[in-house]
Amino acid sequence: MRTDVLIIGAGATGTGLARDLALRGVSCVVVETGDVNSGASGGNHGLLHSGGRYVSNDTEAARECREEGALIKRLAPQCVEDCGGLFVAVAGDDERFVADYPGWCAAAGIEVCCLEPAEARAMEPVLSPKVIAAFAVPDATIDPFRLALENMAHAHALTGCTLLRRTRVTGMDVDAGRVVRVHTVNTVSGEAGTIEAAQVVSATGAWAGRVAALAGAHIPMLCSQGTLLVTHERMTRRVVNRLRPPGNGDILVPGGTVSILGTTSVTVDDPDRARPTVAEADENLRQALPMIPSLAYTRFVRAYCGVRPLISAGGGDGRAVSRGFMLYDHTDAGLSNFCSVTGGKLTTFRLMAEKTADLVCARLGVTAPCRTRTEPLPAAPACRWTEPGFAPRLWAQRHDADDPLLCECEMVPASAVDSIMNDCGQQFPDPGLQALGKRSRIGKGSCQGAFCGVRVAAHLYDTGHYTSPRGLARMREFFTERFKGQRPILWGPQLIQAELAEALHCGLLGLELGDPEAAPAAGKDEEARS
Ligand SMILES: Cc1cc2nc3c(=O)[nH]c(=O)nc-3n(C[C@H](O)[C@H](O)[C@H](O)COP(=O)(O)OP(=O)(O)OC[C@H]3O[C@@H](n4cnc5c(N)ncnc54)[C@H](O)[C@@H]3O)c2cc1C
């Protein structure tokens, strides 16, 4: 295969870069070892930072977040919930920090409004009565899945840019200072392939050091795992941050119908082995209770984690490292057509893509300017199913008695599944339950796939997408993936629910028995992540 630009990694940065290049008329291929957002872009809070989190320790990152956050709100409103955010201190927190906070915000150009504690509690009744100070900032939330899918969809519409899922880059041939060939392996079939590209970009986040090494280049990565917990229901209207230096359990972010509590920072050697742990779940809860006491008896449905791609500036832990990004042109390694972009934030993905596209275009001799700063991101119909509440609204409007609900927690009807299967089928055959889950709300509700997994699989058999026992294997992969996120939070009602699901899956479906047909290797690959 040949292409002008090969992008490795389909997170926010890689898919954003594909769109930026497409808007400049440059075609590319994106290769991804898993599916879209298999890395940190699918394992974060979904906070569209106002910058308020970083004003005390990283003014530059705070300014970048403020500017990019405002741009995304304007240009991709379909991916954003502009809910606002609060920073609150409770009795015992550092009052010097509280006093300095508005000045730091002003220095970074961030709008901040001082609230009375009672006012903040009226706005968010779950806040502790021990709140002593509160500030409102323009935080928002963003749906990273819709964002990445829409960037890919727009790039595809503009230049035919394709995404090769389940395709891992395993090697690069370098000759006379150029990457002349990139070696890949299909993680489902094991088939090897090669891609030749005029320019090669690694947008592989926490894996950037490993991928750069394939071409003999070096990036000093520091991989920092963060674990997050998902509550059964949404607890606040706004993002609620603890008013203190960044630390564990200091933020509760609304994510549509649920809230997301985070997060820890644990340095890890291998991003492929990242898993949410019981210790991190406990630590998040312990730290958050003084701010939101009702978390003590809140039901959590899932834990998940991501690995921050941080640049190691020689020592220091993950909290101390800048959230700024780095673009490596790799000329120090004698390479002229390979670069890596890593670090940064979900919030700054567009800027990362812009700077990378500038370098790539200069190397290709393309003079077209960046347009992502001004062009709205079109809302693609195929990408709308990730939005909480979208499927139920549409279903209710249609009044169609022949359109059964397959997922009752998130109210996803059969017509939504059919629509996603049709859209996916155009780009890649046999997407399976995992891919359906990434493109919809299936498996995200309180049953965590226990019931909807079975119903969706049955529907795929009924509609002819599954024709062999392989569908059962797909279902098992889906449950395994969902269960990984439940293990660290199995107590109280959640434990009861998990045992019921296990009894159903083993008693009715025999899913604890071996595969009638071997499970595809792809499932195992996906399982290694998130
Ligand atoms: C716990 C946590 C919470 C966070 N919260 C926020 C937040 O609320 N707001 C915010 O703005 N930012 C947040 N971040 C930061 C943000 O998630 C990341 O900075 C951003 O998602 C990185 O995107 P990326 O595309 O550069 O990398 P990634 O999303 O990690 O994408 C890299 C991709 O490369 C693929 N890949 C790796 N190796 C290969 C290979 N050899 N071949 C093919 N593909 C490969 C991976 O599978 C992956 O999909 C958070 C991060 C973490 C970990």
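It should be emphasised that the depicted structure is a prediction, and the values quoted were computed from it without experimental measurement.

1. A look at the packing of helix 1 (residues 12-23) against helix 8 (residues 349-364)
Here is step 1 of the chain: Running from N to C, helix 1 and helix 8 cross one another at 50 degrees; their axes reach a closest spacing of 8 Å. What the angle tells us is that helix 1 and helix 8 run oblique. Considering only the axes of helix 1 and helix 8, their crossing is right-handed. When helix 1 is examined against helix 8, the residues A12, T13, G16, L17, D20 and L21 are found in contact with a partner set consisting of F349, M352, A353, E354, T356, A357, V360 and C361.
Here is step 2 of the chain: For the contact of helix 1 with helix 8, the per-class residue count stands at nine nonpolar, three polar and two charged.

2. A word on the packing of helix 12 (residues 452-462) against helix 13 (residues 470-484)
Here is step 1 of the chain: Relative orientation of the contacting elements helix 12 and helix 13 amounts to 155 degrees, with a least axis distance of 10 Å. Put simply, helix 12 runs roughly antiparallel to helix 13. Along this stretch, helix 12 crosses helix 13, giving a crossing that reads as right-handed. The residues of helix 13 that touch helix 12, namely those facing G453, V454, A457 and Y461, are R470, G471, L472, M475, F478 and F479.
Here is step 2 of the chain: Taken together, the residues of the contact of helix 12 with helix 13 sort by class into seven nonpolar, two polar and one charged.

3. Notes on the confidence of the model for the chain
Here is step 1 of the chain: With 94% of its residues at a pLDDT of 70 or more, the chain has an overall mean of 91.
Here is step 2 of the chain: For the stretch residues 519-530, pLDDT sits under 50, and the model shows 41 contacts to residues farther than four places along the chain or on other chains.

4. Notes on the pattern of salt bridges
Here is step 1 of the chain: Enumeration over the complete set of coordinates arrives at 30 salt bridges.
Here is step 2 of the chain: The closest approach of N and O atoms between K484 and E481, which form a salt bridge, is 3.1 Å. Placement of both K484 and E481 in helix 13 is noted, with a separation of three residues, approximately one turn of the helix.
Here is step 3 of the chain: The exposure class assigned to E481 is buried, which follows from its relative accessible area of 7%.
Here is step 4 of the chain: Here the salt bridges do not stand alone but share partners, grouping R2, D173, R181 and E196 into one network.

Calculation criteria
Residues numbered from 1 in each chain as written. Predicted model: local features only at pLDDT ≥ 70, side-chain atom pairs only at ≥ 80, totals over all residues. Heavy atoms only, no water. Axes fitted to C-alpha atoms, helices over the stretch in contact; angles between N-to-C directions. Helix = DSSP H or I, 4+ residues; strand = E, 2+ residues; numbered from the N terminus. Parallel < 35°, antiparallel > 145°, perpendicular 65-115°, else oblique. Left-handed = near helix turned anticlockwise from the far one by under 90°. Contact = heavy atoms within 4.5 Å. Nonpolar A, V, L, I, M, F, W, Y, C, P; charged D, E, K, R; others polar. pLDDT = per-residue confidence, 0-100. Salt bridge = Lys/Arg side-chain N within 4 Å of Asp/Glu carboxyl O. Buried < 20%, exposed > 50% of the residue type's maximum accessible area, 1.4 Å probe, protein only.

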